[in-house]
Every structure is written in C-alpha cells, then in structure tokens.
Amino acid sequence: MATIGYAAMLAQFEPREVLGYCELAEQHGFSGVMAADHFQPWVPQQGQAAFVWNVLSAAGERTTGDLGTGVTAPTFRYHPAVVAQASATLAAMYPGRHWLGVGSGEAINEHVVAPYWPEAPERINRMFEAVDIIHKLFSSSLAGKDHKHAGEFYKLESTRLWTMPEVAPEILVATAGPVTARRAGRNADGLITLGAPVDKIAVLLARFAAGAREAGKDAAAMPKVVQLHQSWAETDEEAMANAVLEWPNGGMRFPQSDIRSPFELAQIAKMVRPEDFEGRMVVSADPDLHRAEIQRYLDLGFDRIYLHNVGRNQREWIETFGRDVLPALTR
C-alpha cells in the first residue's frame with residue numbers, strides 16, 4: 001500500500017475530537033498524522049486553533065505512525081531555537097516517528113506578535129536562516145557541543161539542546177514556488193507542497209532535485225510530501241456545501257499569506273462560488289474520483305500524502321476511504 005496519512009485540522013476541531021480522529025484514521029489504514037501550526041483559524045466558521053505541539057504529543061501516545069508539523073513557521077511567533085527544542089523533544093519521546101515541517105509563515109498566525117509583516121522574499125530568507133540554525137543545533141547537540149549564531153535575522157548565544165533523540169528529525173521545507181524548491185533541495189532534508197496542476201508540480205520536483213544535486217545529495221532518497229485538500233460526502237451537493245462553508249479558502253485563487261484576520265477572510269469568502277473549486281480540489285461523493293487524484297501524486301513520485309477532508313463528516317470519510325480508497329492505491 002501507498003503511504004497515506006491523516007491531515008488533522010486543528011483549525012476545525014477541538015483537540016480531544018481531533019485525537020479521536022487520529023486514532024480512528026490509524027485503525028482504518030492511515031499511516032500517520034500531519035497537523036498545521038495555526039494561532040487562528042482561516043475563517044471563524046472553522047472555530048478552533050489548538051497548539052500543535054500539545055496535540056502531536058498526545059497523538060503520539062494514542063497512535064503508532066509518523067507525526068509531523070504541516071507546517072510550523074520558526075520565524076516570528078517562535079525563535080528557531082524554540083522550534084528546535086520542541087521538535088527534538090517530540091522526537092525523543094517518539095523515536096523514529098517525528099518529522100519537522102517548516103514554512104515561511106502567514107500573517108493570520110505570525111502577525112499576532114510580529115512588529116511588522118515583510119514581503120515574501122524576506123519571509124523566505126528568514127525561514128532558510130531558521131532552518132540553518134535548527135539543523136546546526138541538532139547536529140551540534142548530538143555531538144555534545146554548543147552552537148552560536150549571529151545572522152541577518154536571528155542571534156543565538158552559545159548553547160545546545162539538552163534533550164535529543166538518537167537521530168535528529170528530518171526538516172522538510174514547504175514551498176509552492178520553484179526558487180524556494182531549489183533552495184529546499186540544497187538546504188533541507190525534504191519537501192512539502194500542496195496539490196497543484198501536474199506541470200507546476202513537475203517543475204517543483206525538478207528544481208528540488210537540482211538543488212539537492214548542487215549540495216551533493218540524492219533527491220530520490222529525500223522525502224517528498226504533499227497535502228491534498230478534498231471534499232467527500234454522501235452526495236455531491238453535500239460535498240460542495242461543505243467546501244463552500246468550511247474551506248472557502250480552497251476556492252480562493254490568490255495567495256492568502258498577507259491576510260491578518262479570520263473575519264477579514266470571511267468577508268472575502270462571501271464571493272467564493274462552487275465553480276471556484278474546479279481544478280483546485282476534488283469535490284465529489286465518488287470515492288473513485290478521489291482515488292484517481294491521490295494516485296496521480298503517487299505516480300509523480302511523492303513518498304507520503306496527507307489527506308484533509310474539509311467537511312465535519314470526518315468519521316464517515318475515514319471509514320469510507322479506509323475501505324474503498326486506500327487499499328486501491330499503489331506505489
């Protein structure tokens with residue numbers, strides 16, 4: 001079977017409910033859990049924003065699969081050293097199960113503490129400096145040495161992580177652009193992206209591989225992860241209603257990284273129409289249409305796929321996909 005994980009939406013469900021779905025997903029064949037680090041939901045309708053590190057720790061006790069942040073931003077709300085400590089501790093608690101997914105951040109989460117919100121190029125540069133700090137904290141701590149840093153965006157006094165796993169977590173960088181994908185190949189351990197047209201994904205993977213080669217790494221051996229948003233329900237009408245109500249951001253054909261408030265996004269969401277989801281995510285009651293979309297990404301070479309069903313019908317979706325979709329997928 002292919003490696004298909006469960007994308008736990010902490011913006012939609014309170015943490016105890018999420019943990020129940022994580023357990024149920026594993027019982028029905030899902031391989032692990034990805035959870036995003038949000039301070040606020042995208043829209044008020046989603047209604048939650050639990051702290052990802054608490055939830056992943058609890059999920060580790062209740063499940064046996066992998067555990068990853070999809071994604072956290074080690075750039076504004078946190079200093080990179082804090083993210084390194086959180087990740088190292090989770091990996092020490094659950095050896096061989098945790099991976100660290102990082103991104104450049106979104107204002108809806110990060111601007112709650114940031115003194116200003118820079119343009120995308122600076123946010124990306126901040127992220128890669130943070131990745132460098134985390135990598136070096138991991139490696140120096142495993143070697144029993146301190147690390148210090150004085151860069152463009154961050155400073156770190158000489159220190160180490162005193163709680164470490166035997167093997168450092170892999171650091172996966174989230175990107176939807178070719179330039180960042182190439183830098184990820186050079187500077188990270190793997191890649192995370194979202195579902196997109198085949199030609200765009202092919203360019204991302206090619207640039208990631210090129211960056212890996214420049215750093216003397218084998219891209220084929222590096223993890224490549226994709227998160228797929230989808231809407232399944234017992235009828236097409238219900239599936240579309242769930243998409244429009246619960247995940248209108250999936251129908252917005254513009255970047256949302258500069259939006260600062262769920263209430264601001266809710267005003268924009270009033271303009272989202274069913275046709276806006278066309279080509280962006282599968283909205284259907286037919287499990288086979290969803291299976292074909294997932295298989296497409298496996299065929300493109302992704303190692304792990306994490307699925308997010310945007311509706312509240314998580315139990316029915318997990319049971320249906322565990323029975324009708326996951327067993328039919330192939331690597």
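For the structure, check the block above.
Per chain, the residues get numbers from 1 upward, laid out in the order the sequence is written. Reporting of local features is limited, given that this is a predicted model, to residues whose pLDDT is at least 70; pairs of side-chain atoms are given and counted only at 80 or more, and all residues count toward the totals for whole chains, interfaces and linings. Computation of side-chain values covers all heavy atoms of the structure but excludes hydrogens and water.

Engineer: Looking at this model, I keep getting lost on the pattern of salt bridges. Mind explaining?
Structural biologist: When their charged atoms lie close together, side chains carrying opposite charge are able to pair. One speaks of a salt bridge when a side-chain nitrogen belonging to Lys or Arg is within 4 Å of a carboxyl oxygen belonging to Asp or Glu. For the coordinates displayed, the defined rule picks out 17 salt bridges. Of the charged contacts in the structure, one is a salt bridge between R123 and D258, with a shortest N-O distance of 3.3 Å. Taken together, the residues R123 in helix α5 (residues 120–142) and D258 in the loop between α8 (236–246) and α9 (262–269) connect sequence positions 135 residues apart. Only protein chains enter the calculation, and the probe is 1.4 Å; a residue is then buried if its accessible area is under 20% of its type maximum, exposed if over 50%, and partly exposed in between. Accessibility expressed as a relative area gives 48% for D258, which makes it partly exposed. Residues E214 and R182 are paired through a salt bridge, measuring 2.4 Å at the closest nitrogen-oxygen approach. Of the two residues, E214 sits in helix α7 (residues 198–214) while R182 sits in helix α6 (residues 178–187), which places them 32 residues apart along the sequence. We classify E214 as partly exposed; its relative accessible area is 44%. Judged by its relative accessible area of 31%, R182 is partly exposed. Each of the salt bridges in this network shares a partner with another, and the network as a whole consists of D37, R77 and E110. Put simply, DSSP marks the helices as runs of H or I at least four residues long and the strands as runs of E at least two long, and each gets a number from the N terminus on.

Engineer: Honestly, the packing of helix α1 (residues 15–27) against helix α2 (residues 52–62) in this entry has me stumped. Any pointers?
Structural biologist: Helices that pack against each other are described as a pair by the angle of their axes relative to one another and the distance between those axes. Axes here mean lines fitted to C-alpha atoms, for a helix over just the part in contact, with angles spanning 0 to 180 degrees between N-to-C directions. Close contact between α1 and α2 brings their axes to 10 Å; oriented N to C, the two are set at 40°. Considering how the two elements wind past one another, α1 and α2 form a crossing that is right-handed. On α2, the residues touching P15, V18, L19, G20, E23 and E26 of α1 are V55, A58, A59 and R62. Of the residues that constitute the contact of α1 with α2, the class distribution is six nonpolar, one polar and three charged. Two helices cross in a left-handed way if the nearer one is turned anticlockwise from the farther one by less than a right angle. They cross in a right-handed way if the turn is clockwise. Contact definition: two residues touch when any of their heavy atoms are within 4.5 Å. For this classification, the nonpolar set comprises Ala, Val, Leu, Ile, Met, Phe, Trp, Tyr, Cys and Pro, the charged set comprises Asp, Glu, Lys and Arg, and every other residue, Gly included, is treated as polar.

Engineer: Is there a simple way to explain the nonpolar core in this structure?
Structural biologist: Within soluble globular proteins, side chains that are nonpolar generally end up buried alongside one another. By convention a nonpolar core is built from buried Ala, Val, Leu, Ile, Met, Phe, Trp, Tyr and Cys residues, the set being connected through side-chain atoms within 4.5 Å. Residues I4, Y6, F30, I294, I305 and L307 are the most contacted members of the largest nonpolar core, which totals 74 residues. With nine residues, α5 is the largest single contributor of residues to this core. For I305, the contacting residues outside a window of four places in its chain are T3, I4, G5, V226, L228, I294, Y297 and L298. Core analysis: the next-biggest nonpolar cluster, separate from the first, contains 24 residues, I108, L172, A239 and M281 among them.

Engineer: Just checking my understanding: could you explain α2 for this structure?
Structural biologist: Residues lying three or four places apart along an α-helix face the same way, a consequence of the helix completing one turn every 3.6 residues. For α2, the complete set of buried residues consists of V52, W53, V55, L56, A59 and G60. Down the axis of α2, the sector holding all buried residues measures 160°, keeping them to one side. Exposed and facing more than 90 degrees away from the buried side of α2 are N54 and E61. Contact partners of the buried residues in α2: α1, β2 (32–35), β3 (66–69), α3 (80–93) and β4 (98–102). By construction, the arc corresponds to the directions joining the helix axis to the C-beta atoms.

Engineer: Explain a nonpolar patch on the surface here, please?
Structural biologist: Taken together, the side chains of F39, V112 and V113 make up a nonpolar region of the molecular surface, amounting to roughly 270 Å² of accessible area. Mapped onto the secondary structure, V112 falls in the loop between α4 (107–110) and α5. The partly exposed category is assigned to V112, whose relative accessible area is 39%. Residues with no salt bridge and a relative accessible area higher than 30% make up the patches, which join like charges within 9 Å and nonpolar side chains (Val, Leu, Ile, Met, Phe, Trp, Tyr) within 5 Å. Surface exposure here means Shrake-Rupley accessible area, sampled with a 1.4 Å probe, where a residue is shielded only by the protein chains that are shown.

Engineer: Mind showing me how you'd approach the packing of α1 against helix α11 (residues 314–324) here?
Structural biologist: At their nearest, the axes of α1 and α11 sit 9 Å apart, and the two run at 15° to each other. By the angle between their axes, α1 is roughly parallel relative to α11. Regarding α1 and α11, the two cross each other, and that crossing is right-handed. Contacts between α1 and α11 involve Y21, L24 and A25 from the first element and Q314, R315 and I318 from the second. Taken together, the residues of the contact of α1 with α11 sort by class into four nonpolar, one polar and one charged. Any angle that is under 35 degrees is reported as roughly parallel, and any over 145 degrees as roughly antiparallel; angles of 65 to 115 degrees are reported as roughly perpendicular and all others as oblique.

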